[in-house]
Amino acid sequence: MKKIFTFLLFLMPLTLMAQADKEPFFYVDDFLNQSVIHVEGDRDYGRCQALRLSDEWYLTAAHCVYPACKRECDVVVELIQHPALKAQVEVRHRSSDPKVFVPREYEPKRNKSIRSDMALIKIEPLPTNHYFFSAEEESQIDYPMFLEKLQSSKFSRLRQQWNALHGQRATLLTIEGSVARHLQQPIAVPVFSGADIFYQESFGQNFFYFPQLRYYMGKNFGVEKGMSGSGVIIPGGKAVGVVSANLEGSGQIVSYNEADQPISVLPYDVSFFFFTPFTPKNKNFIEATLESQGTKRSNRPYFAKIGAHNAAMVDLKVEEAFEDAPSVQDIEDTNLR
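## Here's the deal with the pairing of strand β3 (residues 57-60)
Of the two faces of β3, the one holding W57 and L59 and the one holding Y58 and T60 are both buried throughout. Relative to β3, strand β2 (residues 45-52) runs antiparallel, the two sharing two bridges. The residue bridging R52 from the neighbouring strand is Y58, located in β3. What sits between the antiparallel neighbours β2 and β3 is a turn of four residues.

## Some thoughts on the confidence of the model for the chain
Summing up the model confidence of the chain, the mean pLDDT is 78 and the portion of residues at 70 or higher is 74%. Scored below 50 in pLDDT, residues 1-21 makes 29 contacts in the model with residues more than four places away or belonging to other chains. Contacts of residues 308-337 to residues separated by more than four positions or lying in other chains number 83 contacts, the stretch itself having pLDDT below 50.

## Overview of the environment of L59
In this structure, L59 sits in strand β3. Residue classification places L59 among the buried residues on the basis of a relative accessible area of 0%. Through-space distance from the C-alpha of L59 to that of Q34 is 9.7 Å; in sequence the pair is 25 residues apart.

## Description of the state of the cysteines
Tallying each qualifying case throughout the model produces two disulfides. The partner cysteine of C48 in its disulfide is C64, sulfur to sulfur 2.1 Å. Handedness here is read from the sign of the S-S torsion; for C48 and C64, about -90 degrees, the answer is left-handed. Taken together, the residues span a long stretch of sequence, with C48 in strand β2 and C64 in helix α2 (residues 62-65) at a distance of 16 residues. Overall, C48 belongs to the buried group, its relative accessible area being 7%. Across a sulfur-sulfur distance of 2.0 Å, C69 and C73 are joined as a disulfide pair. Here the S-S torsion is close to 95 degrees, and the disulfide linking C69 with C73 is therefore right-handed. Exposure remark for C73: the relative accessible area of 2% places this residue in the buried category. In the chain, the bonded cysteines, taken in the order they occur along the sequence, pair up as 1-2, 3-4.

Cut-offs applied
Residues numbered from 1 in each chain as written. Predicted model: local features only at pLDDT ≥ 70, side-chain atom pairs only at ≥ 80, totals over all residues. Heavy atoms only, no water. Buried < 20%, exposed > 50% of the residue type's maximum accessible area, 1.4 Å probe, protein only. Helix = DSSP H or I, 4+ residues; strand = E, 2+ residues; numbered from the N terminus. Pairing = 2+ DSSP bridges. pLDDT = per-residue confidence, 0-100. Contact = heavy atoms within 4.5 Å. Disulfide = S-S within 2.5 Å.

As structure tokens, this is what we get:
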């Protein structure tokens, strides 16, 4: 781990400069299936992000809705965001009419942020509980007026995002067996800011899969509080998981010579980032929940194996790569986003 951090700190600026003159890895169109959610329950209130699976289903982090939705809660999903034109839907979750679904094995008392840190949110089709607002009118507007305003050229990006809400399904890449222990390609997490969608992008960083905890971890690249539940996207818009949490660390970095003798010591402060991938168990949770709720196959996400889909994913002994990584207890005790 010490040698790895020396490599990261000294080579990261070179990596950034090398990417400056190349085509970007990611484009805004890769994030049309992202949304912001607001959760309000008896015990909690929070803001997170979510990955749209289809026009009925959204996927977020379990800690975003639990324990707020343990009994009853309201979830507002921002379908599109713009200072002048908004669209959202309110989901009312009740024990008699569940709309929020958390895996049974998610046990926050024992493990706050990992092991199936995923939750599903089901929304109702139009026009139930939908809200449309025009800043020009300074009031709520009906759906036909919303569509009329949406045709304006200044809302071309929103029109594209709105059209993508209806008919486009997310593609989720699963990890199975011994493949994909080492993620060697860029990933990105979208960031919402008013009328625009930006993204935090990793530049050639390595992310390692820990089977015991079932998450990927690497050095944080700018993911902050409020971005939990967002899809972790690879180039082209396919998702490999959802944002879970981060862990702050500090200590010393030791550089060694060829004789394995220490030659320099540098202090460091490091923020680790980790996300929950689509393991077979998480895939089964998604598929079983959607099936139990009567969701048609044509309205479910696509699943594909990471190893078969991307040759850049290779097997690696994680214990050797992250020799001094945070312990299991460190991860389980970390603060959530």
